[in-house]
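Residue-level structure breakdown
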Amino acid sequence: MTTTTAIPAGRQRPAATPAKRRPRREREGAAWVFLSPWVLGAIVLTLLPMAVSLYLSFTDYNLFDPPHWIGLRNYTQMFTEDPRYWRSVMTTLTYVVIAVPLQLALALVVALALKSMKRGKAFYRSAFYAPSLLGASMSIALVWRAVFNDGGTVDNLFGTGGWVNRPGWALLAVALLTVWQFGAPMVIFLAGLQQIPAELYEAAAVDGAGRWRQFLSVTVPMLSPVLFFNLVLQTIQAFQVFTPAFAVSAGKGGPADSTLVYTMYLYDRGFVASHMGYASAMAWVLLLVIGVVTAVLFRTSRSWVFYASEGDR
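Let us look at the structure shown here. On a predicted model such as this, the values are computed, not experimentally measured, just so you know. (Residues numbered from 1 in each chain as written. Predicted model: local features only at pLDDT ≥ 70, side-chain atom pairs only at ≥ 80, totals over all residues. Heavy atoms only, no water.)

**Some thoughts on the environment of Ile188**
As for its position among the elements, Ile188 is in helix α8 (residues 183–193). By relative accessible area, which is 27% here, Ile188 ends up partly exposed. Taking the C-alpha atoms as reference points, Ile188 and Ala111, 77 residues apart in sequence, are found 8.7 Å from one another. Leaving out residues up to four positions away in the same chain, Ile188 has contacts with Val226, Phe229 and Asn230. (Helix = DSSP H or I, 4+ residues; strand = E, 2+ residues; numbered from the N terminus. Buried < 20%, exposed > 50% of the residue type's maximum accessible area, 1.4 Å probe, protein only. Contact = heavy atoms within 4.5 Å.)

**Side note on a nonpolar patch on the surface**
On the surface, Leu40, Ile43, Val44, Leu45, Leu47, Met50 and Leu287 cluster together to form a nonpolar patch covering roughly 670 Å² of accessible area. Broken down by element, the nonpolar patch gets its largest block of residues, 6 residues, from helix α1 (residues 24–56). Examined against the element boundaries, Val44 turns out to sit in helix α1. Classification of Val44 by relative accessible area gives partly exposed; the value is 43%. (Patch = residues over 30% accessible without salt bridge, like charges linked within 9 Å, V, L, I, M, F, W, Y side chains within 5 Å. Areas by Shrake-Rupley, 256 points an atom, 1.4 Å probe, with all protein chains shown as cover. Salt bridge = Lys/Arg side-chain N within 4 Å of Asp/Glu carboxyl O.)

**Examining helix α2 (residues 73–80)**
Among all positions in α2, only Asn74, Tyr75 and Met78 are buried. Axial view of α2: buried residues confined to an arc of 95 degrees, hence all on one face. Within α2, the exposed residues directed more than 90 degrees away from the buried face are Arg73 and Thr80. (Arc of directions from axis to C-beta.)

**Side note on the environment of Arg211**
On the secondary structure map, Arg211 appears in helix α10 (residues 211–239). Sequence separation of Arg211 and Tyr201 is 10 residues, and the distance between their C-alpha atoms is 9.2 Å.

**Observations regarding the pattern of salt bridges**
Taken as a whole and assessed by the stated rule, the structure comprises 3 salt bridges. Note that Arg269 and Asp268 form a salt bridge whose closest N and O atoms lie 3.0 Å from each other. Where salt bridges share partners, they join Arg84, Arg87 and Asp257 into one cluster.

See the structure below:
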């Protein structure tokens, strides 16, 4: 048997006391505790090495003796007295112009093919993505060198000789290794294609547009943000190419400096010739160039990238 206690008239049940909120400082302190590993890692592993590298770029440093301040001499020597530096710049620009468009075009073609598949899409998507996981390894690059070397697969099939030993073809062999690693942009393209409403293609078909016109008028505009993202990402990576060129040329940038990309020459100056100050200056120039190129891409994207939320431009 239960009993209830009546509340006298005129008296109300006391309201529940709200939980006290923690002071702002205490909440911010907890946030910094959780962020501290990342902040510490960013300072120790990124910002501090960058600051040291910037200082070394104004010094003469050979890894063994204390750095000696020389001001802008590394930069003036780089721009006015080093012909191999400019060859590495031109080689890198040529590589970027060849590798990036070919890689993005192949990734988009394969993504379009996978989108229309009814069976086995997951298997083929994984198979095409696998080279992106393996292609950056030195072992794959060495196999690639063997394929394009004298007596290799390409020579036996087409009789063109060893590409890696011909100045006019060696850089193309390096670029094709990058193009072969199209899996990452392909997956991004495929995700973007799946977000395009089918009603747009149906409306275009009703208006009499064929497949090519649908691709130009529907697919390309709706996929332009994804295309822009892949373009920026792959361009930044292309400027920093190292492993394929190093393996294909056996670490020498040959033949006739035809595969001497920027990062390989930076490695040569810093760790082979022990001119770490000069290599640091090269690294900062590369950082500035990548920043400028990225800014230009963002600036020009206003005229060709379509965002549905913003309406037609």
